[in-house]
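Close look at the chain arrangement
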Amino acid sequence: MDRSHTFLIVGLGLLGGKYAQVLSGKGYRVTGIDTDESAVAYALEKEYICAGAARDFEALVQSADRVIFAVYPTALLEWVGRYGSLFAPGTLITDVSGVKRGVVGPVQAALPEGVEFIASHPMAGRETSGITHSAEVDFAPANFIITPTEQNTPAAIDWCRDLARALGFARISVLSPAEHDRMIGYVSQLCHAIAVCLMCASDNTELARYTGDSFRDLTRIARINDKMWAELFLWNKDNLIGEIDMFSASLAELRARLADGDRAGLEEMFRLSTKRREAFDKK
């Protein structure tokens, strides 16, 4: 992490804004671009970036040494296809995307020679969105996943680790894009699918008067960015469908034990869930 380098954030939303805030706060030179002029203005006002633009941003792209894409997968592919030739040789690029297959390979193939894309995923999203909420994001307790391919150099992987540490992530892992998408289908996307279905299964408009913490905790992430999550679900639909089927089978097993009056069977499931949850409390 060389402070002589200029970081360009492409997409000044929740995570892009947080990256800009943290890096600028640590003395790095950070610029930013976004299609939303108000997001650029906010980032400039808060001094998250020292320069920014919503259009005519070619000079910012050409002067960047390190680039972070904080946009949806489809937007990332479209952007690189249109402007990727502007990157100077030696530029290192990463992203924050929640899916990797179908993204990493095409982006790497579209970039000019000498420009390297090393994909990563900060597991630090929130139910809120937009740069005005970026200060609420806390990287310290979150996981950071690097997803290299055979196209990546050891130097780029090391830089991505250094970036994660500079941002404040304590736990950094390395997975292949395919391994990442399988894992994320269970620990993230399935959880969001369950929360959405809990809210959609019945009219919950009066439940706020009566509910306890369990329902609030389970459905916190049901307040969801519809466009982003629809895209993420569809990009990873094979893995997510498999996880939904596995969860449905487990729920059906619980239902069967309940219908049979099988108290011992229910207690067995409860003991197993308690044992597995304890692993999180030890972290």
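Above this note sits the structure.
Everything numeric here is computed off the predicted structure, so don't read it as measured data.

Some thoughts on the overall build of the protein chain
- When its secondary structure is counted, the protein chain shows 11 helices and 9 strands.
- Its C-alpha radius of gyration of 21 Å places the protein chain within 12% of the 19 Å reference for a compact globule of 283 residues.
- When each of the 283 residues of the protein chain is scored for burial, the buried share is 42%.
- When the accessible area of the protein chain is evaluated, it comes to approximately 15100 Å², of which 53% is carbon and sulfur surface.
- Taking the average location of the 30 positive side-chain charges in the protein chain and that of its 37 negative ones, the two points are 5 Å from each other.

Some details on the nonpolar core
- Judged by nonpolar contacts, the single largest core of 36 residues is most densely connected at Tyr-19 and Phe-139.
- Secondary structure elements with two or more residues in this core: β1 (6-10), α1 (14-25), α2 (37-45), β8 (143-147) and α6 (154-167).
- Residue contributions to this core peak at 7 residues, all from α6.
- Residues in contact with Tyr-19, not counting those within four places in the same chain, are Ile-9, Ile-68, Val-96, Pro-122, Phe-139, Phe-144, Leu-163 and Leu-167.
- Ranked by size, the runner-up nonpolar core spans 26 residues in total, among them Ile-33, Leu-60, Phe-87 and Phe-117.

Focus on the sheet that holds strand β4 (residues 66-69)
- Strand order in the open sheet made by the 6 strands is β3-β2-β1-β4-β5-β6, with parallel pairing throughout. Lying at the two open borders of the sheet, with one neighbouring strand each, are β3 (51-53) and β6 (116-117).
- For strand β5 (residues 92-95) and β6, the ladder comprises 2 bridges, and the chain directions are parallel. Residue pairing in the sheet places Ile-93 in a bridge with Phe-117 of β6.
- Sheet strands in contact with helix α4 (residues 73-83) are β1, β2 (29-33), β4, β5 and β6, and its direction is about 140° off that of β4.

Quick look at the packing of helix α10 (residues 237-259) against helix α11 (residues 263-281)
- Interhelical geometry of α10 versus α11 gives an angle of 145° and a closest axis separation of 8 Å. Crossing geometry of α10 relative to α11 is assigned as left-handed. From α10, Ser-250, Glu-253, Leu-254, Arg-257 and Leu-258 reach across to α11, where they touch Gly-265, Leu-266, Glu-268, Met-269 and Phe-270.

Points about the pairing of β5
- Along β5, one buried face is formed by Leu-92 and Thr-94 and the opposite face, lined by Ile-93 and Asp-95, is buried too.
- For β4 and β5, the ladder comprises 4 bridges, and the chain directions are parallel. Bridge pairing in β5 places Ile-68 opposite Thr-94.
- Following the chain from β4 across α4 to the adjacent parallel β5, one finds a crossover that is right-handed.

Comments concerning α4
- Of all the residues in α4, the buried ones are Pro-73, Leu-76, Trp-79, Val-80 and Tyr-83. Buried residues along α4 cover an arc of 125° about the axis, so they all sit on one side. Looking at α4, the residues exposed on the side facing more than 90 degrees away from the buried face are Glu-78, Gly-81 and Arg-82.

Topic: the packing of aromatic side chains
- Taken as a whole, this structure holds 12 aromatic pairs when the rule is applied.
- On the basis of an interplanar angle of 70° and a centroid distance of 5.1 Å, the ring pair of Phe-69 and Trp-79 is categorised as edge-to-face. Taken together, the positions of Phe-69 in strand β4 and Trp-79 in helix α4 put the pair 10 residues apart, joining distant regions of the chain. Taken as a pair, Phe-69 and Trp-79 share a single burial class, namely buried.
- With a centroid separation of 5.1 Å and an interplanar angle of 50°, the aromatic rings of Trp-79 and Tyr-83 are classed as tilted. One end of the pair is Trp-79 and the other is Tyr-83, both in helix α4 and 4 residues apart, which spans about a single turn. When sorted by exposure, Trp-79 lands in the same class as Tyr-83, which is buried.
- Of the aromatic side chains, those joined through ring pairs into one cluster are Phe-57, Phe-69, Trp-79, Tyr-83 and Phe-87.

Criteria and cut-off values
- Residues numbered from 1 in each chain as written.
- Predicted model: local features only at pLDDT ≥ 70, side-chain atom pairs only at ≥ 80, totals over all residues.
- Heavy atoms only, no water.
- Helix = DSSP H or I, 4+ residues; strand = E, 2+ residues; numbered from the N terminus.
- Rg over C-alpha atoms; globule rule 2.2 N^0.38 Å.
- Buried < 20%, exposed > 50% of the residue type's maximum accessible area, 1.4 Å probe, protein only.
- Areas by Shrake-Rupley, 256 points an atom, 1.4 Å probe, with all protein chains shown as cover.
- Lys, Arg positive; Asp, Glu negative; His and termini not counted.
- Charge placed at Lys NZ, Arg CZ, Asp CG, Glu CD.
- Core = buried A, V, L, I, M, F, W, Y, C linked by side-chain atoms within 4.5 Å.
- Contact = heavy atoms within 4.5 Å.
- Pairing = 2+ DSSP bridges.
- Axes fitted to C-alpha atoms, helices over the stretch in contact; angles between N-to-C directions.
- Left-handed = near helix turned anticlockwise from the far one by under 90°.
- Right-handed = clockwise from strand over helix to strand, strands pointing away.
- Arc of directions from axis to C-beta.
- Phe/Tyr/Trp six-rings, centres within 6.5 Å; stacked < 30°, edge-to-face > 60°.

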